[in-house]
Amino acid sequence: MRTSSLPLPANVKRLKPYASARSLLKGDEWIFMDANESPSAPPFFRNNCSALNRYPDPTADKLRDAIAASYGVGRENIVIGNGSDELIDLSIRSFVRKGRRILSVAPTYGMYRVSAETNGAAYGTVPLGKNGDIKIRSFLRRTKNADLLFLCSPNNPTGTVIGLPAVKRVLDAFPGIVVVDEAYGEFADASNIPSAITLVHEGKKNLIVLRTFSKAFAAAGIRLGYGIAAQEIIETLLKMKSPYNVNSLTQEIGLRLWGDSDRMRCNVRTLVAERERLMRALGKLGCRAYPSVTNFFLIDLPKGNDAEETYMNLRNNNGIVLRLIEWQNKKMLRITVGTRRENDLLLSALTTLL
Ligand code: PMP
């Protein structure tokens, strides 16, 4: 492995990664007697899936190749993770030096703060504007002593997009690593909103774009996410991840899901149509829905209704669980678009409550 030109933590720079035969010798032609696995599988495994008595491909190369081909990049530009949550944690462990900081916006996805804190890194945020827009100049002013920035686009929980010109300005001005979390990117793709993946194409060296199978692909249970970045970044992430982070079943299912992207796009269309229907119906009930390009959106309740009380009522009396969000010093509700039936149940419960 080459020495990296990235500003890496000293332990990362020094690290000699774990070496397994599975990462050096790929393919089925080997008689593996090196990793203390069982040589035979229980009958249940044999009938249902590939060699589960063996460790999985450490880097999930079939999946990397399939994803790389779709985006017109190389395998060396892709890392596969146990959900994008793993890649969030991995980015912090790989790129944040001792005593340095992580910066993001507020409100945003809660795991950035949690992962920062579990890794002992300081975490700061800059408030988003009223419409969910990022104030680039004040954001950049706060990047002093930061090694890593998280930009979530479309952003959870606001549902709003951070435009590519803003991302570019941050990438050009900030010397550390910028993670653009596109967990809801397929919903943005459906509205022809450009993805930061185009900036990896353009050769940006300090950018990691994260995507996941948990949202549009409807596969949160298999735990599968991926990152797209310049080769040097991917090499560092591969070196730092645990050896067998994505299990064989997930790699297999992920490959099948990737091959059926029409189905994913169909799911996106259905959820977007339901989102619009829900928003219109909630508008008639006096709620204010915040614009969103994702499969969730925020609402303010009509005057005289308390968000927390409504949340508890829905939960305890109707068994419907929404998410309470605090933004702009007020509490609001975040609704994840459900099935048509679930959405109807929510609407009828709110018709009674409001
Ligand atoms: N990023 C964002 C913005 C999310 O909302 C979520 C899930 N709530 C994740 C990442 C984590 O996704 P995964 O299931 O791939 O770990």
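Residues numbered from 1 in each chain as written. Predicted model: local features only at pLDDT ≥ 70, side-chain atom pairs only at ≥ 80, totals over all residues. Heavy atoms only, no water.

### Some points on the domain arrangement of the chain
Taken domain by domain, the chain comprises domain 1 (10-259) and domain 2 (262-353). The C-alpha-based centres of domain 1 and domain 2 are spaced at 29 Å. With 25 residues of domain 1 at the interface, the matching set in domain 2 holds 17 residues. Where domain 1 abuts domain 2, roughly 1,500 Å² becomes buried across the two surfaces, and 69% of that area is made up of carbon and sulfur atoms. Our enumeration of links across domain 1 and domain 2 arrives at zero salt bridges. There are four residue pairs in polar contact (both at pLDDT 80 or more) connecting domain 1 and domain 2. Looking at the side of domain 1 that touches domain 2 element by element, the count peaks at four residues for helix α9 (residues 185-190). Counted by class, the side of domain 1 that touches domain 2 contains 14 nonpolar, eight polar and three charged residues. (Domains from an automatic or database assignment. Contact = heavy atoms within 4.5 Å. Buried area = accessible area lost by both parts, 1.4 Å probe. Salt bridge = Lys/Arg side-chain N within 4 Å of Asp/Glu carboxyl O. Polar contact = N/O pair within 3.5 Å; in protein donor to acceptor, adjacent residues only side chain to side chain. Helix = DSSP H or I, 4+ residues; strand = E, 2+ residues; numbered from the N terminus. Nonpolar A, V, L, I, M, F, W, Y, C, P; charged D, E, K, R; others polar.)

### A closer look at the sheet that holds strand β9 (residues 296-300)
In spatial order, the strands read β8-β9-β11-β10; together these four strands make up an open sheet with antiparallel pairing. A single partner strand is all that each edge strand has here, and the edge strands are β8 (288-289) and β10 (323-327). Pairing of β10 with strand β11 (residues 330-336) involves five bridges; the strand directions are antiparallel. Along β11, the bridge assignment pairs Ile325 with Met332. (Pairing = 2+ DSSP bridges.)

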